[in-house]
Amino acid sequence: MLAEEFSFKANQIIGSKGNLNVALSGGNTPKLLFEILAAGYKTKIDWSKINFYWVDERCVPPDSAESNFKMTNDELLKKVNVPDMNIHRMRGEVNPETEAESYSVQLSENLPSENNIPVFDIIFLGMGKDGHTASIFPGQLNLFDVNEACSASENPQTHQKRITLTGKVINNADYIYFLVTGKDKSEVIRKIIERLQDYDLYPAAHVNPVGGSLNWYIDDAAAELFTKVKNQMR
Ligand code: 6PG
């Protein structure tokens, strides 16, 4: 379903404006979507019209098994022949503050903006079991208020340095797709979607597009604790 939705939306946007600016998250969840897209949508989308950016990156080299770029390149970009010039990698091997600044400049130069904030056509987000999204972790909600488009951050559990889009850029997107799978996220998802208890401590709860749309794609395991109609992710 999500692969089909992306294909439809991508073709619609490319048809109307000639290109598409998308920001991808990393981690494990998107791998299934990338596999489906690479296997079944190679000729259904004009991949040469899509500019690929990242929502966040771990501060590791691009050939590291932890690199979001490496995962995306291996699972999707190499398989659908995206031109190198369309791949706008967050450089995990560079000082995070330096790269956050450089990436912010890239976004302001390459993307349209609204309210002086870059606008992505589509952003794919994941969520950690601690309710983090992008690389905005609990206790870092200030990253939803800063004016910089990108920031350095740190995973408080592993102390791994990160680079991340900030909340204002995320919430400025036209279409946000949240992909969440796994039983270990069901309690946080329920609290966020049903606005229960301490839901606003979770960064994922602060994803509220200013003018765009927010679409949750949740598998049965992650959805088991809440009563709402379950979206299937294929
Ligand atoms: C990252 C991601 C991050 C991810 C969540 C969920 O760099 O890890 O961008 O925000 O979306 O941590 O990760 P999983 O999909 O592996 O559960």
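Whatever comes next refers back to the structure up there.
So, here's what we can say about the structure.

The rules behind the values
Positions within a chain are numbered from 1, following the residues in the order the chain's sequence is written. Predicted model: local features are reported for residues with pLDDT of at least 70 only, side-chain atom pairs are reported and counted for 80 or more only, and whole-chain, interface and lining totals are derived from all residues. The side-chain quantities take in all heavy atoms of the structure and omit both hydrogens and water. Each helix is a run of DSSP H or I of at least 4 residues and each strand a run of E of at least 2, with the numbering of both proceeding from the N terminus. Residues are treated as being in contact if the distance between any of their heavy atoms lies within 4.5 Å. Here, Shrake-Rupley sampling with a 1.4 Å probe gives the accessible areas, and only protein chains in the shown set may cover a residue. The criterion for strand pairing is that DSSP finds at least two bridges linking the strands in question. What counts as an axis is a line fitted to C-alpha atoms, over the stretch in contact for a helix, and the angles between N-to-C directions run from 0 to 180 degrees. In this description, a nonpolar core means a group of buried Ala, Val, Leu, Ile, Met, Phe, Trp, Tyr and Cys residues linked to one another through side-chain atoms lying within 4.5 Å. Burial here depends on accessible area, computed with a 1.4 Å probe over protein chains only, as a share of the maximum for the residue type. Under 20% is buried, over 50% is exposed, and the range in between is partly exposed. Multiply 1.5 Å by the residue count of a helix minus one, and that product is the helix's expected span. Think of it as the arc spanned by the lines of direction from the helix axis to the C-beta atoms. In the analysis that follows, any N or O atom pair within 3.5 Å is treated as a polar contact, provided that within protein one partner can donate a hydrogen and the other can accept it, and provided that, for residues neighboring in sequence, both atoms belong to side chains. Each aromatic pair joins two rings of Phe, Tyr and Trp (for Trp, the six-membered one) with centres within 6.5 Å, and gets the label stacked for planes under 30 degrees apart, edge-to-face for over 60, and tilted for any other angle. Cavity: a set of points on a 1 Å grid over the protein atoms alone where a 1.4 Å probe fits but cannot get out. Pocket: an open set with protein on both sides within 12 Å along at least five of seven lines, its lining residues, like those of a cavity, having an atom within 4 Å of a point. Grid points are joined across faces, edges and corners, and a volume is the space filled by probe spheres set on the points. Note that Gly is not counted as nonpolar here; it falls among the polar residues with everything else outside the nonpolar set of Ala, Val, Leu, Ile, Met, Phe, Trp, Tyr, Cys and Pro and the charged set of Asp, Glu, Lys and Arg. Throughout, the term near means that a residue has one or more heavy atoms lying within 4 Å of the molecule or strand in question. What decides whether a molecule sits in a cavity or pocket is whether more than half of its atoms lie within 2 Å of the grid points.

Things to note about the overall build of the protein chain
On a plain count of helices and strands, the protein chain comes out with 7 helices and 10 strands. Based on the C-alpha atoms only, the size of the protein chain along its principal axes is roughly 45 × 40 × 35 Å. Look at the contacts in the protein chain between residues 6 or more apart in sequence, and 73% of them connect residues 24 or more apart. Carbon and sulfur atoms make up 49% of the accessible area of the protein chain, which totals about 10400 Å².

Remarks on the sheet that holds strand 10 (residues 213-218)
On the basis of which strands lie adjacent, the open sheet formed by 5 strands has the order 2-1-6-9-10 and parallel pairing. Only two strands of the sheet have a single neighbouring strand rather than two, namely strand 2 (50-54) and strand 10. Ignoring strand direction, the axes of neighbouring strands in this sheet form an average angle of 20°.

Digging into the nonpolar core
The tendency in soluble globular proteins is for nonpolar side chains to be buried side by side. Among the nonpolar cores identified, the biggest contains 70 residues, and Phe 6, Trp 47, Phe 52, Phe 120, Phe 124 and Leu 165 are the most heavily contacted of them. Take this core: its biggest share by element is 6 residues, from helix 1 (residues 2-17). The residues touching Phe 124, leaving out its near neighbours within four places in the chain, are Leu 2, Phe 6, Val 22, Ala 23, Leu 24, Ser 25, Leu 33, Val 55, Tyr 177 and Leu 179.

Observations concerning helix 4 (residues 96-110)
The end-to-end C-alpha separation of helix 4 is 20 Å, in line with the 21 Å expected for 15 residues at 1.5 Å each. Residues of helix 4 that are buried include every one of Pro 96, Glu 99, Ala 100, Tyr 103, Ser 104 and Leu 107, and no others. The arc enclosing the buried residues of helix 4, seen along the axis, measures out at 140°, which places them on a common side. In helix 4, the exposed positions angled more than 90 degrees off the buried face are occupied by Glu 101 and Glu 109. Next to the buried residues of helix 4 lie strand 2, strand 5 (117-118), strand 7 (150-154) and strand 8 (161-165). With a side-chain oxygen lying 3.0 Å from the backbone nitrogen of Glu 97, the N-terminal cap of helix 4 falls on Asn 95.

Remarks on the packing of aromatic side chains
Scanning all chains against the criterion turns up 9 aromatic pairs. A centroid spacing of 6.3 Å and a plane angle of 15° characterise the contact between Trp 47 and Phe 52, whose relative ring orientation is stacked. Overall, the relative accessible area of 3% leaves Trp 47 in the buried class. Consider the rings of Tyr 53 and Phe 120, whose centres lie 5.4 Å apart with planes at 70°: the pair is edge-to-face. Here Phe 120 lies in the loop between strand 5 and strand 6 (122-125) and Tyr 53 lies in strand 2, a separation of 67 residues in the sequence. Judged on exposure class, the residue Tyr 53 and its partner Phe 120 are both buried.

Details of the layout of surface pockets
Rolled over the atoms, a probe as big as a water molecule pinpoints where empty space is left. Estimates place the volume of the largest pocket at around 650 Å³. What lines the largest pocket is a set of 33 residues, and nearest its centre among them are Gly 26, Gly 27, Asn 28, Arg 58 and Asn 68. Secondary-structure elements contributing two or more residues to the lining of the largest pocket are helix 2 (29-40), strand 3 (56-58), helix 3 (68-77) and strand 6. For the lining of the largest pocket, the element with the most residues is helix 3, which contributes 5 residues. Residues that form the lining of the largest pocket fall into these classes: 8 nonpolar, 14 polar and 11 charged.

Let's talk about the site of the ligand
Surrounding the ligand, one finds 15 residues, the nearest of these being Thr 29, Asp 56, His 132, Ala 134 and Lys 185. The side chain of Thr 29 places a nitrogen or oxygen atom 2.5 Å from an oxygen atom of the ligand. In the complex, 89% of the free accessible area of the ligand, which totals 410 Å², lies under the protein chains. When atom positions are compared with the pocket grids, the ligand is found to occupy the largest pocket. The class makeup of the residues in the shell around the ligand is 2 nonpolar, 9 polar and 4 charged.

Things to note about the sheet that holds strand 3
The strand order across the open sheet built from 3 strands is 3-8-7, with neighbouring strands paired in antiparallel fashion. Taken across any chain shown, the strands that pair with only one partner, and hence form the sheet edges, are strand 3 and strand 7. Ignoring strand direction, the axes of neighbouring strands in this sheet form an average angle of 20°. Note that strand 7 and strand 8 share 5 bridges and pair antiparallel.

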